[in-house]
Structure formats: structure tokens, C-alpha cells
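Read off the chains here:
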Amino acid sequence: MDVRGSVTTIPAGGVELPADLLIPARPAGVVLFAHGSGSSRHSPRNTAVAHVLNRAALGTVLVDLLTPAEDQVDSRTAELRFDIGLLAGRLAAVVDWLAAERPFGAVPIGLFGASTGAAAALVAAAARPELVGAVVSRGGRPDLAGPALGQVRAPTLLLVGGLDEQVITLNEQAQDALPGTAELTVIPGATHLFEEPGTLDQVAHCAADWFTAHLPDPR
């Protein structure tokens with residue numbers, strides 16, 4: 001499939017966030033990624049998932065939710081990577097930018113969150129119910145979304161590694177707390193980062209299927 005790459009900066013609450021856009025020829029939707037703690041938009045795992053989504057005619061946005069200066073502070077203190085309110089606020093600002101600027105056209109928006117980024121994605125989805133059409137969490141910490149979890153209306157898929165026992169429990173509890181459509185899929189033999197052969201590919205295809213099924217077709 002023909003996919004065009006673009007690098008841009010997105011305004012979010014007084015800062016400019018660097019982002020990589022991958023735009024299929026005729027996108028059926030766009031998925032905004034929220035990476036996990038200590039990671040960045042260059043995360044090889046999220047990049048691999050993005051390429052699978054692109055082949056399913058879904059545009060992708062990989063964005064750094066911290067500025068370079070903030071990232072330097074966070075690499076020393078790890079204080080900002082768990083600031084879910086800050087991250088979710090910036091994610092919501094990127095959702096607003098996508099809806100206003102329409103670099104992918106007038107297409108529905110989904111969120112893909114990994115680890116702590118999944119909590120930020122769920123809080124942003126709760127804050128933008130009219131804009132966020134679906135959410136996928138990979139090895140996520142939905143418990144960190146707090147009370148916002150009960151306000152998420154977007155259909156949500158929770159993907160967890162079968163060997164990630166503590167996170168399975170947290171996701172089971174989150175599934176019960178989510179008021180709308182919520183499914184939990186356990187990937188057998190996978191640990192938290194889905195480093196085992198074939199497990200990340202399963203994540204990517206589950207995500208592609210979820211977004212294809214739950215994002216309304218703009219055409």
C-alpha cells in the first residue's frame with residue numbers, strides 16, 4: 001500500500017510536540033499512539049504496530065508527549081512519565097488538532113496506548129467522547145486512569161501478555177469498570193513488552209481488526 005510519511009510539530013497546551021505521520025492513500029481512519037514510560041515516538045514496538053495498521057488503510061500518528069527538555073528531566077527523575085493528567089491533556093490536544101487540521105481528511109480517530117500511555121489514552125478518550133471512536137491498550141495500566149475509566153464511551157480492547165500476571169489482574173478490573181464495549185484479549189506466552197517471537201504481530205493484527213470494526217467508515 002502507498003503510504004506517505006510526514007514529520008510535523010503539533011501545538012499542545014503551550015508546547016510544540018514532534019510527531020511522525022504515516023498517511024495511506026485513502027485512509028479509513030487515523031490512530032494516535034501514546035507510548036509507555038521511558039519510550040518515545042521512535043519506539044520500535046509502536047512503529048511495528050503502526051506499519052500493520054497502515055496496511056489496513058489506517059493512518060498513524062506517533063508523537064512525543066514530552067518536549068526534549070522535559071524528556072531530559074524525566075530521564076533523570078522519571079517524574080513526568082507517570083503524570084497521567086499532563087500526558088492525557090496533551091493527547092487530547094493532539095486529538096483536537098487532528099479534528100481541526102484534518103491531515104488525514106475527515107476520518108474517525110482511534111487511540112493506541114502502551115503501558116502508562118494506555119492510561120493517558122483512556123483519560124483522553126473520556127475527555128473527548130465525541131472525537132475518539134475506539135481505544136486499544138497494549139500491556140496497559142488502565143488502573144492509572146482513575147475515575148476517568150468509568151467515563152470512557154469508546155469501544156476498548158485490552159491486550160495483555162499471558163505471562164504478565166499482575167497486569168492481567170489490573171486489566172480484568174478495568175474491563176469491569178469500563179461502561180461501554182470492552183474486551184480483554186490475552187496473548188499466550190507473552191511477557192509485558194511482547195518481545196517473544198510472533199507476539200507483537202498478534203497485538204498489531206488484533207489492534208487493526210479492532211479499529212477496522214469499531215471506527216465508523218468515513219466513506
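Residues numbered from 1 in each chain as written. Predicted model: local features only at pLDDT ≥ 70, side-chain atom pairs only at ≥ 80, totals over all residues. Heavy atoms only, no water.

Even after reading the chapter, I still don't get the pattern of salt bridges, so can you show me in this structure?
What the rule picks out here adds up to five salt bridges. One salt bridge connects Asp 96 with Arg 128, and the closest N-O pair in it is separated by 2.8 Å. Highlighted residues: Asp 96 in helix α3 (residues 84-101) and Arg 128 in the loop between α4 (116-127) and β6 (132-138), separated in sequence by 32 residues. Residues joined in a network through salt bridges with shared partners are Asp 20, Arg 41 and Asp 64. (Salt bridge = Lys/Arg side-chain N within 4 Å of Asp/Glu carboxyl O. Helix = DSSP H or I, 4+ residues; strand = E, 2+ residues; numbered from the N terminus.)

Could you clarify how one ought to interpret the nonpolar core in this entry?
Soluble globular proteins tend to pack their nonpolar side chains together in the buried interior. Counting 47 residues, the largest nonpolar core has Leu 32, Val 61, Leu 91, Leu 98, Phe 104, Leu 111 and Val 135 as its most contacted members. Elements with a minimum of two residues in this core: β1 (3-12), β2 (15-24), β3 (29-34), β4 (58-63), α3, β5 (109-114), α4 and β6. Every residue in contact with Phe 104, bar those within four places of it in the chain, is listed here: Leu 21, Leu 22, Ile 23, Pro 27, Val 30, Gly 59, Thr 60, Val 61 and Leu 98. The next biggest cluster of nonpolar side chains, apart from the first, holds 24 residues, and it includes Ala 50, Leu 62, Val 136 and Ala 204. (Core = buried A, V, L, I, M, F, W, Y, C linked by side-chain atoms within 4.5 Å. Buried < 20%, exposed > 50% of the residue type's maximum accessible area, 1.4 Å probe, protein only. Contact = heavy atoms within 4.5 Å.)

Any chance you could explain the pairing of β1 here in plain terms?
For a regular strand, side chains alternate in direction, first toward one face of the sheet and then toward the other. Relative to β2, β1 runs antiparallel, the two sharing ten bridges. Bridge pairing in β2 links Pro 11 to Glu 16. (Pairing = 2+ DSSP bridges.)

Explanation requested: the packing of aromatic side chains in the structure shown.
The geometry of an aromatic ring pair comes down to the distance between the two centres and the angle between the two planes. By the definition in use, this model includes one aromatic pair. Measuring from ring centre to ring centre gives 4.9 Å for Phe 33 and Phe 112, while their planes differ by 40°; the resulting arrangement is tilted. In this pair, Phe 33 sits in strand β3 while Phe 112 sits in strand β5, placing the two residues 79 residues apart along the sequence. With a relative accessible area of 1%, Phe 33 lands in the buried category. Its relative accessible area of 0% is what places Phe 112 among the buried residues. (Phe/Tyr/Trp six-rings, centres within 6.5 Å; stacked < 30°, edge-to-face > 60°.)

Honestly, it's all geometry; don't read function into it.
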